[in-house]
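Descriptive structure summary
These are the residues of each chain, in order.
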Protein chains: 2
Amino acid sequence: VLPDIRVLELTNDRLREKQFVTDLGIETTEFVKIDSLDDLARAVDAIGTPAILKTRRFGYDGKGQTRIENAGECGRAWRAISQVPAILERFVRFDKELSVILARARTGEIKLYDVAENVHDRHILASTRVPARIETATGDKATAMACKIADAFDYVGVMAVELFLETGGGEIRLRVNEIAPRVHNSGHWTLDAAMTCQFEQHIRAVSGWPLGDPSRLANAVMTNLIGTDVDNWRHYAQDPAVKLHIYGKTKTMPGRKMGHVTRLERLQT
Amino acid sequence: VLPDIRVLELTNDRLREKQFVTDLGIETTEFVKIDSLDDLARAVDAIGTPAILKTRRFGYDGKGQTRIENAGECGRAWRAISQVPAILERFVRFDKELSVILARARTGEIKLYDVAENVHDRHILASTRVPARIETATGDKATAMACKIADAFDYVGVMAVELFLETGGGEIRLRVNEIAPRVHNSGHWTLDAAMTCQFEQHIRAVSGWPLGDPSRLANAVMTNLIGTDVDNWRHYAQDPAVKLHIYGKTKTMPGRKMGHVTRLERLQT
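Notes on the structure in this doc start here. These figures come from a predicted structure and were not determined experimentally.

Below, the discussion takes up the environment of A:I134. All names here are of chain A. Mapping I134 onto the fold places it in the loop between β8 (124-130) and α5 (136-153). Its relative accessible area of 24% is what places I134 among the partly exposed residues. What I134 contacts, discounting residues up to four positions off in sequence, is K96, L98, V115, G139 and L165.

What holds strands together in a sheet is hydrogen bonding between their backbones, with the strands either parallel or antiparallel. Residue and element names in this part refer to chain B. One open sheet accounts for 4 strands, arranged β1-β4-β2-β3; its pairing is antiparallel. For this open sheet the edge positions go to β1 (31-34) and β3 (65-68), each flanked by a neighbour on one side alone. Geometrically, the sheet is characterised by an average inter-axis angle of 25 degrees between neighbouring strands, direction not taken into account. Sitting on the sheet, helix α2 (residues 14-23) is in contact with β1, β2 (51-55), β3 and β4 (86-90), with an inclination near 145 degrees to β1.

Before going further, it helps to examine the packing of aromatic side chains. Using the criterion set out here, one finds 8 aromatic pairs over all chains in the structure. Note on A:W233 and B:W209: the rings are 5.6 Å apart at their centroids and 45 degrees apart in plane angle, and the pair reads as tilted. With A:W233 in helix α8 (residues 233-237) and B:W209 in the loop between α7 (198-207) and β11 (218-226), this residue pair bridges two chains. For A:W233, a relative accessible area of 22% gives the class partly exposed. With centroids separated by 5.9 Å and ring planes inclined at 80 degrees, the aromatic side chains of B:Y113 and B:W189 adopt a geometry described as edge-to-face. Separated by 76 residues along the polypeptide, B:Y113 in the loop between β6 (110-112) and β7 (116-121) and B:W189 in the loop between β10 (173-180) and α6 (190-193) bring together distant segments of the chain. For the residue pair B:Y113 and B:W189, the accessibility class agrees, reading buried in each case. One residue, A:R67, lies across the ring of A:F91, its end atom 4.3 Å from the ring centre.

A rotation about some axis, followed by a shift along it, carries one copy of the chain onto the other. In screw terms, the move from chain A to chain B is a rotation of 180 degrees and a rise of 0.0 Å along the axis, fitting with an RMSD of 0.0 Å. Look at the turn and shift together and you get a two-fold axis relating the two. When each C-alpha of chain A is compared by its distance to the rotation axis, A:T269 comes out closest, at 2.1 Å. A share of 100% of interface residues in chain A that are also interface residues in chain B marks the association as one of identical surfaces.

The next subject is the state of the cysteines. Tallying each qualifying case throughout the model produces 0 disulfides over all chains. Looking at A:C197, it has no disulfide partner, and the nearest cysteine sulfur is the one in B:C197, 14 Å off.

Formed by 45 residues in total, the largest nonpolar core has its most connected members in A:W189, A:L264, B:W189 and B:L264. Elements represented by at least two residues in this core include exactly β5 (96-104), β8, β9 (157-166) and β11 (218-226) of chain A together with β5 (96-104), β8 (124-130), β9 (157-166) and β11 of chain B. Residues in contact with B:L264, not counting those within four places in the same chain, are A:M195, A:L217, B:D192, B:A193, B:A218, B:N219, B:A220, B:A241 and B:K243.

Frequently, the measure chosen for interface size is the accessible area that the parts lose on association. At the junction of the two partners, chain A supplies 28 residues and chain B supplies 28 residues. With both chains or domains summed, chain A and chain B bury close to 2100 Å², and 61% of this area falls on carbon and sulfur atoms. The largest share of the area that chain A buries against chain B comes from A:M195, A:L217 and A:R266, three residues that together contribute 27% of it. Where chain A touches chain B, the interface holds 2 salt bridges. The salt bridge involving A:K243 is made with B:E200; its shortest N-O contact spans 3.2 Å. At the junction of chain A with chain B, the criterion picks out 12 residue pairs in polar contact (both at pLDDT 80 or more). For the side of chain A that touches chain B, the elements supplying multiple residues, two or more each, are α7 (198-207), α8, β12 (242-246) and β13 (257-266) of chain A.

Let us look at the sheet that holds strand β2 (residues 51-55) of chain A. All names here are of chain A. The antiparallel open sheet is built from 4 strands, whose spatial order is β1-β4-β2-β3. Two strands close off the open sheet at either side, each with one partner strand: β1 (31-34) and β3 (65-68). Going across the sheet, the axis of each strand differs from the next one's by a mean of 25 degrees, ignoring polarity. Contacting β1, β2, β3 and β4 (86-90), helix α3 (residues 37-47) runs over the sheet at an angle of about 170 degrees to β1.

Moving on, we get to the pairing of strand β7 (residues 116-121) of chain A. Residues and elements named next belong to chain A. Here β5 pairs with β7 via 3 bridges, running antiparallel. Of the residues in β7, the one forming a bridge with S99 is A116. Strand direction decides the pairing type here: β7 and β8, joined by 5 bridges, are antiparallel. Pairing of H120 across the sheet is with L125, part of β8. What sits between β7 and β8 in their antiparallel hairpin is a turn of 2 residues, with R122 showing a positive phi close to 50 degrees.

Definitions and limits used
Residues numbered from 1 in each chain as written. Chains lettered and ligands numbered in written order. Predicted model: local features only at pLDDT ≥ 70, side-chain atom pairs only at ≥ 80, totals over all residues. Heavy atoms only, no water. Helix = DSSP H or I, 4+ residues; strand = E, 2+ residues; numbered from the N terminus. Buried < 20%, exposed > 50% of the residue type's maximum accessible area, 1.4 Å probe, protein only. Contact = heavy atoms within 4.5 Å. Pairing = 2+ DSSP bridges. Axes fitted to C-alpha atoms, helices over the stretch in contact; angles between N-to-C directions. Phe/Tyr/Trp six-rings, centres within 6.5 Å; stacked < 30°, edge-to-face > 60°. Lys NZ or Arg CZ within 6 Å of the ring centre and 35° of its normal. Least-squares fit on C-alpha atoms with pLDDT ≥ 70 in both. Disulfide = S-S within 2.5 Å. Core = buried A, V, L, I, M, F, W, Y, C linked by side-chain atoms within 4.5 Å. Buried area = accessible area lost by both parts, 1.4 Å probe. Salt bridge = Lys/Arg side-chain N within 4 Å of Asp/Glu carboxyl O. Polar contact = N/O pair within 3.5 Å; in protein donor to acceptor, adjacent residues only side chain to side chain.

This is a description of form; function is not addressed.
What follows is the structure, encoded as C-alpha cells:
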C-alpha cells in the first residue's frame, strides 16, 4: 500500500504528526498533549488564550476542534470534543496560510507544484491562489520543509503540507500546520492550470511511473463551492475564464464541498 | 438542431461545399463535377495530373478517394470509388496544411483558437502543431476566411476549416480544403493546452452560454495513435510533458484512430 501505512497512522494522529515534525527540527504550532480536563486546565494556563483544542483523530474541515477564549471555557471545550484524546494548540496570528503540494516517486525524486496561498473561512478552505504572493525565499523555505518531511516519511505519492506564514519583525517564520498524505483541495487548481494535475501525478507516483511535469501554465484562483454556493453555478459558467467543477453529490448540506471553480489568467509572455 | 441541418447537408457533399465556398469568393482547390467515366476523362484532360478523384459523400481519413497519375488510370479510378457521384480535384503542392478551429455563438460572436499546422500521412491526420510556424498575416488571412464561412452558414458550435498554404513566388496563397462542422481532431490539443477545450466550447455554443476563453496556455504537438501505435503508450507515458489519451476502442485496426498524445511546452514568460 502506498503511501505506506505507517505514514497514514502518523498523520491520522495530530499529536504524533506534530511530534514527528518537531523531531525533524521543523517548526509547528506550539502544542500540548491533552488526556483529561486537568491536562486542559494546566495547558491553557501554560500556553495562554486564545487556544484551539483539537481531537487527535478524525478531524477535518473544523470538525473535532473548538476555540478557547479564556480559562473558564475549559469544561465546555472538553465536553465539546467528547472528552477524547486531544491536543491544545496556541493560536497563531499568521499573515498567510501557504500550501506546498509535491509528489515523491519510489525513486525518491520529488516534483513540486508552485506554492499556493489559502484562505479559510470557518475552518473550511474557501479559496486557493497560485502563485502565492510571497518572496522567493519564503517559497524556498516552505518547499524545503515539505521535502524534508516527505523524505523522512520515505513518502510515495502526492502530499500536501499546509504552513502558517508570520512576517512580523521583518523575519520569515513558517510553521507546519497540517500534513495531508494525499491529493488535496488546495491542489485542485492543477486540474486546469498545471501541465500534470495532482491526480495523474499521484497515480504516476504510486504506479512507479516517471513523474509528470508539474509546471504551472496559468495563474489560478480556486474557489470552493460550499453548501448552497453550488446553486450559483450559472453565474460562474458565464465567466469565460472560469472552469466549473461540480462533484455530483446528491445532497447539499451546509459546510459540504459540492464543487469548485478555478478562474484562470494567462501568464504574461 | 445545432449546427443547422442545412449546414450538415452542405458539408456532407464535397461538391456543394466547394461551390458554396467558391461563391463566397474564397479560394479552394480547383474541382470538376464527375458523374460518369466520360466526365472523368474530360476532367483529367482539362485539369491535368496528378489529380484526386473523391466521392461527393461519405469520405473521411482518405476513404472514398483515389489519386490519378495519368489519363490511362481513369477507368481504374472510377471503379475504385464504385462509380458514385464525385469530384475531381487538381493536386495541390502545398507547403503547409493549416487548421482554423473556431466557435460561433448564437449571438454571432466568434472565438478563435490559435491557428494550427497539420501533417497528414496516407490521408490521415498524423500530427497537429500549435502555434503554426507561419507569418502573422497568413494566420490573419486564414482566420478571416474561416470566419467568413462561419458567418455565411450562420453557424452555431465549434467548426474546423482546413486550408492549404502555398508560399511560392513570395505570395501567400490559401485554399480551403475541407470544412468540418464539429469538433475536430486537429483541435484535440485544446484539451490540454487551452483555457477552454473545444468540447466544452461546443457545448457552450449550442447551449447558448457565453463562449469560454480560447487562450492557449502552452505550445503543443498532438500526435495521433493510429492502429498499433497505441501499443506504445508506455513509451509516451514516460515523457513528463506528454498527456496520453486512449479512446478505449475494443478493436485495433490499421488506420483506426485509437488515441492521441499531446506534448506540451511551457510558454516563455
